[in-house]
Amino acid sequence: MSFLLRVAGYTLCDRVRSSVIWEELRVEQLLLCIEGSQLIWMPPGRLPVRMFQAWPTGTRPWGCPRTRWRDCCLLSAAFFGALGSSFLYGYNLSVVNAPAKDIKAFYNLTWLSRYGEPAAAETLTLLWSVTVSIFAIGGLVGALVVSYLIKVLGRKGTLLANNSLAVIAALLLALGEKARSFEMLIIGRFIIGMDSGISLSALPMYLGEISPREWRGSIGQVNAVFICLGVFTGQLLGLPEIFGHVSRWNFLFVFLAVPALLQLCTLPFLPESPRFLLMERRDEARAEKAFKVFLGKTDVSAELEEVHAESRAQNTLQMASALELFRNRAVRWQTITVIVTMACYQLCGLNAIWYYTNGIFEAAGFNKATIPYITLSTGGIETLAAVASGLVIERIGRKPLLIFGFSAMAVCFTLLTIFLHFQDSFSWMPYLSFISILAVIASFCSGPGGIPFVLTGELFEQSYRPAAFMVAGVVNWLSNFAVGLLFPFIQNALQTYAFMVFVVVCVLGAVYLLIVLPETKNKTFVEISQSFSKINKISQMPDKEMEDVFPVKPGQVEIGDGLKGQTASPNDINSFTNDINIKDSNAVEMESSF
């Protein structure tokens, strides 16, 4: 019979399917171990000698069957959820760059066929500007409606329904050329913008609620990784050898339907967010089943009780509106922090680099024929940096990565300004400009590129989360639109000093986060909310909620089974455990995590 031994916050498995042969030790008597502050009786059996090798509580070694199933379900939810959501957002950021000239030629040809004369240069510029910028307007509309959709359809249901927008947009964008209608392209860009606005709120919320506490940051960074992969894929498919050709550019938009259809085929087989099911649908049976699937264990009573404790800690069980979010002093600084972080996410200057990469590289002196391939390297660097951030976020934490990212961007933008200013003086200066751009991108993706979405889900409890994502989405898309609209004027006015504006934004963002933001790594949502109690000037929550979850007080231990309901001091425990005899003298002493 396979069973688990939990000791001092760590989990060990006595049956590991691995090529490594473990020595075993026969336990003849009942084994007494400590979980948290509770004594637990374990049945006799064979346990591995190398019991000091441990895994965090709630996880199992990869060899354990339930762990493999847990990891498969959780990673599948993250992979396919992000593939049909954040991947499409990243793809649409870069996909229009390569075929820009071909699309403008199509607009001109359509205008000529309708009105018998070519379109004026100002008209073409206006049509193209609308095509590009209406994506952000659609995103803003999506962000405004997402809080209502997730209340009605749930997190997973919203992601599934959102795929219909992606398919409709793909059809409009792909068939616009054959229909001789540039209006179809503009409407398609608006609809795919709505799709992105909804998914950038629904997906981080879903991933944050299904992830174990110790994996929440890494799983949340999947959102950022797939945004980067989407940007890279748009750049790759836009090469002249693939779809970046006058006769094939509409296939770039056909591709939009592929990730959406893949998500539609897989996500229905995965559970809804257990927190949504329990706190908003009051369906404890389905919530328990969802927890078991995503956590890979049969006993999820602690997780259910944690959600119940969060529910009891909230003043109201009703979902808060955006207006209530601003009125409630208990979440005032959380709201300000999300607004500042999300504004800095867009105003830190990376979008200016994406929108005007070709122009920046031309100004830096690179050959026009090589620019598409140079741009491709930026997408690769962005993806690698996002993956690296996801691997270290649970070790380093959210706050250090954000501060480092914004600070490094400020330094790199300063260097880029210097290099651009002197690029005509030295033949090798354009190469330093290129390296600075790569460094800016890597710095952004090391923290600011994905953590703002993770933080938005972590800083708020369940009833405030939908409204918080709506506010964050509105700030995100308004800032996105502002950068695209204002940067050309800033560039014309300041020339090579234009990027110093972003230096100021990055420095201010880093200083604010250093002063205000608490670390959220490995904390429950209730604990994170309590971290803001002092700055919000409200009294901290009483410890009663934690006592509901962990009824044993510090310094006392509850003894299970035969002595159930009794408590003992640590000295009593030591005396009690000395009565347990294990015949093998080579028994290994457990290492405590306390």
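You'll find the structure just up there.
Everything numeric here is computed off the predicted structure, so don't read it as measured data.

Observations regarding the pattern of salt bridges
Using the criterion set out here, one finds 11 salt bridges in the structure. Across the pair Arg216 and Glu458 runs a salt bridge, and its minimum N-O distance is 2.8 Å. Here the residue Arg216 occupies a position in helix α6 (residues 216–237), and Glu458 occupies one in helix α19 (residues 451–458), the gap between them amounting to 242 residues. You can call Arg216 buried: its relative accessible area is 5%. Among the salt bridges present, the one from Asp283 reaches Arg286, with a minimum N-O distance of 3.9 Å. Through salt bridges that share partners, Arg155, Glu209, Glu280 and Arg465 make up one connected network.

Observations regarding helix α21 (residues 500–516)
An α-helical turn contains 3.6 residues, so a residue and the one three or four places further along point in the same direction. For α21, built from 17 residues, the straight-helix expectation of 24 Å at 1.5 Å per residue is met to within 8% by its first-to-last C-alpha distance of 25 Å. Turning to α21, its buried residues number three or more, namely Phe502, Val503, Cys506, Gly509, Ala510, Tyr512, Leu513 and Val516.

A few points about the packing of aromatic side chains
In this structure the tally under the stated criterion is 22 aromatic pairs. Judged by centre distance (6.2 Å) and plane angle (85°), the rings of Trp249 and Phe253 are edge-to-face. The buried category is assigned to Trp249, whose relative accessible area is 1%. Between Phe413 and Phe499 the ring centres are 5.5 Å apart and the planes differ by 10°, which places this aromatic pair in the stacked class. With Phe413 in helix α17 (residues 398–421) and Phe499 in the loop between α20 (465–494) and α21, this residue pair connects regions lying 86 residues apart in the sequence.

Reading the values: the criteria
Residues numbered from 1 in each chain as written. Predicted model: local features only at pLDDT ≥ 70, side-chain atom pairs only at ≥ 80, totals over all residues. Heavy atoms only, no water. Salt bridge = Lys/Arg side-chain N within 4 Å of Asp/Glu carboxyl O. Helix = DSSP H or I, 4+ residues; strand = E, 2+ residues; numbered from the N terminus. Buried < 20%, exposed > 50% of the residue type's maximum accessible area, 1.4 Å probe, protein only. Expected span 1.5 Å × (residues − 1). Phe/Tyr/Trp six-rings, centres within 6.5 Å; stacked < 30°, edge-to-face > 60°.

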